[in-house]
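Architecture at a glance
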2 protein chains.
Amino acid sequence: MKTISIRTLYGMPESYVGTVTVAGWVRTVRDSKTFGFIEVNDGTFFKSVQVVFEDHLSNFKEIAKLGVGAALIVTGELVLTPGQKQPFEIKATSIEVEGECPPEYPLQKKRHSFEYLRQIAYLRPRTNTFGAVFRVRSLAAYAIHKFFQERNFVYAHTPLITASDCEGAGEMFRVTTLDPANPPKNEQGEVNFKEDFFGKMASLTVSGQLSAETFAMAFRDVYTFGPTFRAEKSNTPRHAAEFWMIEPEIAFADLNDDMQLAEDMVKFVINYVLEHAKEEMQFFNQFVDKGILERLENIVNADFGKVSYTEAIKILEGSSKKFEYPVFWGCDLQTEHERYLTEEHFQKPVFVTDYPKEIKAFYMRMNEDNKTVAAMDLLVPGIGELIGGSQREERLDVLLERMKELGLNEEDYWWYLDLRRFGGTRHAGFGLGFERLIMYLTGMTNIRDVIPFPRTTGSAEF
Amino acid sequence: MKTISIRTLYGMPESYVGTVTVAGWVRTVRDSKTFGFIEVNDGTFFKSVQVVFEDHLSNFKEIAKLGVGAALIVTGELVLTPGQKQPFEIKATSIEVEGECPPEYPLQKKRHSFEYLRQIAYLRPRTNTFGAVFRVRSLAAYAIHKFFQERNFVYAHTPLITASDCEGAGEMFRVTTLDPANPPKNEQGEVNFKEDFFGKMASLTVSGQLSAETFAMAFRDVYTFGPTFRAEKSNTPRHAAEFWMIEPEIAFADLNDDMQLAEDMVKFVINYVLEHAKEEMQFFNQFVDKGILERLENIVNADFGKVSYTEAIKILEGSSKKFEYPVFWGCDLQTEHERYLTEEHFQKPVFVTDYPKEIKAFYMRMNEDNKTVAAMDLLVPGIGELIGGSQREERLDVLLERMKELGLNEEDYWWYLDLRRFGGTRHAGFGLGFERLIMYLTGMTNIRDVIPFPRTTGSAEF
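Keep in mind the model is a prediction, meaning the values are calculated, not measured. Residue numbers restart at each chain and count upward from 1, following the sequence in its written direction. To label them, take the chains in the order written and letter them from A, then take the ligands in the order written and number them from 1. Residues qualify for local features only when their pLDDT is at least 70, as the model is predicted, and side-chain atom pairs are given and counted only at 80 or more; totals for whole chains, interfaces and linings, by contrast, use all residues. Values shown for side chains rest on all heavy atoms present in the structure; no hydrogens or waters enter the calculation.

**Some points on the overall build of chain A**
For the record, the criterion: Helix and strand assignments follow DSSP, with helices taken as H or I runs no shorter than four residues and strands as E runs no shorter than two, numbered in order from the N terminus. Burial classes: relative accessible area under 20% of the type maximum marks a residue as buried, over 50% as exposed, and values in between as partly exposed (1.4 Å probe, protein chains only). The contact criterion used is simple: two residues touch if any of their non-hydrogen atoms lie within 4.5 Å. Computed with a 1.4 Å probe, the accessible areas rest on the Shrake-Rupley method; for each residue, only the protein chains presented here act as cover. Charged residues are defined here as Lys and Arg on the positive side and Asp and Glu on the negative side; His and the ends of the chain fall outside this count. Charged groups are reduced to one reference atom each: NZ for lysine, CZ for arginine, CG for aspartic acid, CD for glutamic acid.
Counting secondary structure elements, chain A contains 13 helices and 16 strands. For chain A, the spread of C-alpha atoms along the three principal axes comes to 85 × 60 × 45 Å. Counting all 462 residues of chain A, 61% fall into the buried class. In chain A, 66% of the contacts between residues at least 6 apart in sequence involve partners at least 24 apart. In the structure as shown, chain A presents an accessible area of about 18400 Å², 47% of it carried by carbon and sulfur atoms. For chain A, the distance from the average site of its 52 positive side-chain charges to the average site of its 67 negative ones is 4 Å.

Structure representation (structure tokens):
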């Protein structure tokens, strides 16, 4: 079908003066006896096009009665309208109704609550807010690929189904084809997972990191970007059962290289979105989160700070701020602590490094003090932790010792340990929850509103 | 760590004459009494760098004894070597051993079978073949994003966990947190999925298409690119339980628009890979699939053919070729039929269109003959079907009629049907199995060899 996108018209309206055909959906219709206006949006651009229609159209009456949401194909004359709110409009010579939309259409022109729109998630991308959110999501995803690919990182599709025991216990979804009512049993009367699809119990992954490390030992610089899962029953605005994660992993690299990569990536993605979603970002700034544009621009221009965990604890202890959770060396930083550090003390994004080993994962590299590990969290104003990463323990003896302390079974990790036996190198990486990034970029405050069809405890609609 | 990638050096060796530091892994070591050569590969480039080391190095003896696979940091003088096999080499002034590699390292310098390498999938990206495969996979993934994003398509992350009944029965993995041994029962003594994580039975998706259609009705042009799952117990070189799929969906578009999009996309991806993986593609052409380069170049330059299913059946019936499976109007085309059409009859990629409704899905648009639907399969030489797509049935009454014929339950599809009630439009889309594309681009013949860690019946290693 030969139509032109509304994005293209807005890009260079003067070169389309003359006859054009656009296709899209009705946002509003206003009519008087002999003429009327339709706002048509085709989803390619945040703004709509104003179509003027007059009673010389054979289907004038039908058009005047069109409902919000109807699909149209409009042919007409594009005329520039300098000095008016929109830079051009289309005077229709024909309007074809591609698909009608009855009055019971749930998206009538009025403000709907986000809660209500979640119940009609299959329609909400047609609204200004969610149209903008999901376009930003798409652009940010591409920006991430572009960032890593231009730096020659290899994109690794790490597996989602895992039968490996080394991802940590609990809070995983089981993946199975066994009969739920009558699973096969073994001689001990236990469920016999040998008869399950993969010949053993399988789950949905919580992280691609360990697999990504195998690729980093081959390609040096790699990243994953794919779905991960948590079977956490937390019903909060920040938890989803299915979400996307970015996990780069770099070889011959230490914690400083890791932080530099994280800083470069965050700035790149923000810049990309600011440049490619100008209208959407202005909308968020005006209607969703006043000041978000300034906050993002500040981040792009800031040199991110660095502070050790130990130093950060001193700063928090020395502050006059009353915290809900007590601060002491060894405590896990809470969002209130993180936000104080980045918003009030440093007033810019800041990396907190070298956390106590007790509150971090077994694979993080032990520092010389034998008390802290080479971990880093990136804290940003308005949200707290955005990224968590570390240098990985590449020394086989140190790693084995740490696993023993934690009661981890060496055999479950044989291939992960082999990476330290066969040409192991210093290496580092981090994880970025993609939804948290989108919340950060848009000012949306509920993770359910940045995922097309969110999956949370008790809910997997559509 | 300040090192320079081997890709960068190969890109412009003349500008790096002088002192450089590279980091990478030993591919081979040859030494005589007073000097030696090491091939170092850092994974950023298909080719290795030749490092010359001499006995003035304090650790000369250690270096000479290095095993294949050891990780090194080499500083030295880059000198151009015109007329030799490699355009430059590095005369080492220091070689630091970052990680040793003992003789039991499974990847000694010899040819290993693909079957053997599958058993050490965590190491195989370090080999020439799999290094090339997974780099091409990464580049092809990026090319797909680039193609769609440059055309302003919105990338939609459709959900992987689905509780929707509308994806078709059987062959799906169940996702659960219920106790496998003692699941809760309801009053009828059946497993009570109300107590499962999502409050009902949930599975892993087999396609993002239906969700993508909801987005196309908002953004016009959208695509998904994510994992999909099949619990098929087929143990063949073409089946995997977890694989990635690309599914674009375009509104205000018919089957011709769909075919044009598919042709443009295939050509774009091939061109991108030929341009960005020259060394890898030459390697495949020489060692994996002789003639693959010529075949791919032909495709880029061909105008894809079009033939209706009915016409294709006549061609097959009229050919002198003996087929294993009988040909008759109404039969599903087998790979042997597809390959005859594309390789022998048309000698180029060809779209077969308008298949009998009985062998296609319920959502495909009914043609006027009421016997065929507006479907298309893209057949390519060397493989057969690469892409399957269709125009979707946008007429509510026709769709409902077809669902009734097939015994599908209207209520299970309420939101999908609503898309036809609320401003529905002509629309179309297709699906491309990403692994099949990678097999096509590389000449690899087993799907297990184009997935980093393949999941198949009985196997979910690493």
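**Details of the interface of chain B and chain A**
Our working definition: Here the buried area means the combined drop in accessible surface, using a 1.4 Å probe, for two parts upon being joined, counting both sides. The term salt bridge refers to a side-chain nitrogen of Lys or Arg lying within 4 Å of a carboxyl oxygen of Asp or Glu. Each polar contact in these results corresponds to two N or O atoms within 3.5 Å; when the atoms are within protein, one needs to be able to donate a hydrogen and the other to accept it, and residues that are neighboring in sequence are counted only if both atoms are side-chain atoms. Here the nonpolar group is Ala, Val, Leu, Ile, Met, Phe, Trp, Tyr, Cys and Pro; Asp, Glu, Lys and Arg are the charged ones; every other residue, Gly included, is treated as polar. DSSP-based pairing: two strands are paired if at least 2 bridges between them are found.
On the chain A side, the residues contacting the 116 residues of chain B number 116 residues. Here chain B packs against chain A, burying approximately 9400 Å² in sum over the two surfaces, 62% of which is carbon and sulfur. Taken together, chain B and chain A are joined by six salt bridges. Its salt-bridge partner being Glu98(A), residue Arg426(B) comes within 2.7 Å of it at the nearest N-O pair. For the pair chain B and chain A, the interface holds 37 residue pairs in polar contact (both at pLDDT 80 or more). Here the side of chain B that touches chain A gets 12 residues from one element, more than from any other, and that element is helix α4 (residues 128-150) of chain B. For the side of chain B that touches chain A, the residue count by class is 62 nonpolar, 28 polar and 26 charged. Examined bridge by bridge, strand β8 (residues 174-176) of chain A and strand β8 (residues 174-176) of chain B share three bridges and lie antiparallel to one another. Bridge pairing in β8(B) places Val175(A) opposite Val175(B).

**Some thoughts on the environment of Gly131(B)**
By secondary structure assignment, the location of Gly131(B) is in helix α4. When its relative accessible area of 12% is taken as the criterion, Gly131(B) is described as buried. On a C-alpha basis, the gap between Gly131(B) and Glu14(B) in space is 26 Å, while along the polypeptide they are 117 residues apart. Contact partners of Gly131(B), with chain neighbours within four places excluded, come to Phe219(A), Arg124(B) and Pro125(B).

**Points about the environment of Val191(A)**
Along the chain, the position of Val191(A) falls in the loop between β8 and β9 (202-204). Distance from Val191(A) to Leu399(A), taken between C-alpha atoms, is 34 Å for residues 208 residues apart in sequence. Contact partners of Val191(A), with chain neighbours within four places excluded, come to Leu178(A), Pro183(A), Pro184(A), Lys185(A), Pro180(B) and Ala181(B).

**Considerations on helix α5 (residues 209-219) of chain A**
Residue and element names in this part refer to chain A. Counting buried positions along α5 gives 11 out of 11 residues, so the element sits mostly inside the fold. When we look at burial in α5, the residues that qualify are Gln209, Leu210, Ser211, Ala212, Glu213, Thr214, Phe215, Ala216, Met217, Ala218 and Phe219. Among the residues trailing α5, Arg220 stands out with phi positive, at a value near 75 degrees.

**A word on the relation of the copies chain B and chain A**
Applicable threshold: The atoms used to superpose the copies are C-alpha atoms, taken from residues with pLDDT of at least 70 in both, and the fit is least squares.
It takes a turn of 180 degrees to lay chain B on chain A, together with a shift of 0.0 Å along the axis; the resulting RMSD is 0.0 Å. Such a combination of rotation and displacement between the chain copies is what one expects of a two-fold axis. Distance from the rotation axis, computed per C-alpha, reaches its smallest value in chain B at Val175(B): 2.5 Å. Mapped onto chain A, 100% of the interface residues of chain B again fall at the interface, so both copies present the same surface.

**Some details on the pairing of strand β12 (residues 305-308) of chain B**
All names here are of chain B. With burial as the criterion, only one face of β12 is covered, namely that bearing Gly305 and Val307; the residues Lys306 and Ser308 on the opposite face remain uncovered. Of the pairings in the sheet, the one linking β12 to strand β13 (residues 350-356) comprises four bridges and is parallel in character. Considered in β13, the bridge of Lys306 is made with Phe351.

**Details of the confidence of the model for chain A**
Threshold: By definition, pLDDT measures how confident the predictor is in each residue, and it falls between 0 and 100.
Counting all residues, the mean pLDDT for chain A is 96, and 99% of those residues have values of 70 or more. The ipTM, which scores confidence in the relative placement of chains, is 0.97 for this predicted complex, and the corresponding pTM is 0.97.

**Considerations on the environment of Leu316(A)**
Residue and element names in this part refer to chain A. One can find Leu316 in helix α9 (residues 309-318). What makes Leu316 buried here is its relative accessible area of 2%. With residues near it in sequence (within four places) discarded, Leu316 still touches Phe323, Val327, Leu333, His337, Tyr340 and Leu341.

**Here's the deal with the sheet that holds β9(A)**
Strand pairing in a sheet relies on backbone hydrogen bonds. The paired strands run either parallel or antiparallel. The six strands lie next to each other as β7(A)-β9(A)-β8(A)-β8(B)-β9(B)-β7(B), forming an open sheet whose pairing is antiparallel. The sheet terminates laterally at β7 (161-162) of chain A together with β7 (161-162) of chain B, the two strands that pair on one side only. Relative to β9(A), β7(A) is paired through two bridges, and the arrangement is antiparallel. Opposite Thr162(A), over in β9(A), you have Ser203(A) as the bridge partner.

**Notes on the pairing of strand β2 (residues 35-41) of chain A**
Residue and element names in this part refer to chain A. Of the pairings in the sheet, the one linking strand β1 (residues 18-31) to β2 comprises six bridges and is antiparallel in character. Across the sheet, the residue bridging to Thr28 is Glu39, located in β2. Connecting β1 to the next strand, β2, in antiparallel fashion are three residues. As paired strands, β2 and strand β3 (residues 49-54) are joined by six bridges and run antiparallel to one another. Residue pairing across strands places Val40 opposite Val49, the latter belonging to β3.

**A look at the packing of aromatic side chains**
Cut-off, in case you're wondering: Here is the rule: rings of Phe, Tyr and Trp (six-membered ring for Trp) pair when centre to centre is within 6.5 Å. Planes less than 30 degrees apart are stacked, more than 60 are edge-to-face, and the remainder are tilted. Distance and angle both matter: a charge sits over a ring if NZ of Lys or CZ of Arg is within 6 Å of the ring centre and within 35 degrees of the ring normal.
All chains considered together, the criterion is met by 78 aromatic pairs over all chains. When the ring of Tyr142(A) is compared with that of Tyr142(B), the centres are 5.9 Å apart and the planes differ by 10 degrees; the resulting orientation is stacked. With Tyr142(A) in helix α4 (residues 128-150) and Tyr142(B) in helix α4, the pair connects residues from two separate chains. Comparing Tyr142(A) with Tyr142(B), the two get one shared label, buried. Residues Phe197(B) and Phe198(B) carry aromatic rings whose centres are separated by 4.8 Å and whose planes lie at 75 degrees to one another, so their mutual orientation is edge-to-face. For Phe197(B), a relative accessible area of 2% translates into the label buried. Looking at Arg420(A), its charged tip hangs above the ring of Tyr416(A), at a distance of 4.1 Å from the centre.

**Structural notes on the packing of helix α6 (residues 255-276) of chain A against helix α8 (residues 292-301) of chain A**
Packed helices, taken two at a time, are described by the angle between their axes plus the distance between the axes. Residue and element names in this part refer to chain A. Keep this limit in mind: In this description, a line fitted to the C-alpha atoms serves as the axis of each element, helices being fitted only across the stretch in contact, and the angle between N-to-C directions of two axes falls anywhere from 0 to 180 degrees. Working rule for angles: under 35 degrees goes down as roughly parallel, over 145 as roughly antiparallel, 65 to 115 as roughly perpendicular, anything else as oblique. Note on convention: near helix rotated counterclockwise from far helix by under a right angle means a left-handed crossing. Clockwise means right-handed.
Two numbers describe how α6 lies on α8: the axes approach to 9 Å, and their chain directions differ by 135 degrees. It follows that α6 is oblique to α8 by the angle criterion. With respect to the hand of their crossing, α6 and α8 are arranged in left-handed fashion. Mapping the contact onto sequence places Val266, Lys267, Ile270, Asn271 and Leu274 in α6 and Leu293, Leu296, Glu297, Ile299 and Val300 in α8. In terms of residue class, the contact of α6 with α8 is built from seven nonpolar, one polar and two charged.

**Notes on α4(A)**
Residues and elements named next belong to chain A. Our working definition: How far a helix is expected to stretch is found by multiplying one less than its residue total by 1.5 Å.
In this model α4 runs 32 Å from its N-terminal to its C-terminal C-alpha over 23 residues, within 8% of the 33 Å that 1.5 Å per residue would give. For α4, the tally of buried residues reaches 21 of 23 residues, placing the bulk of the element in the interior. Backbone geometry just after α4 places Asn152 at a positive phi near 65 degrees.

**A look at the side chain of His427(A)**
With respect to the helices and strands, His427(A) occurs in strand β16 (residues 427-433). Each residue touching His427(A), except ones within four places of it in the same chain, is listed here: Glu213(A), Met217(A), Glu249(A), Ile250(A), Ala251(A), Ala253(A), Gln391(A), Arg392(A), Glu394(A) and Arg420(A).

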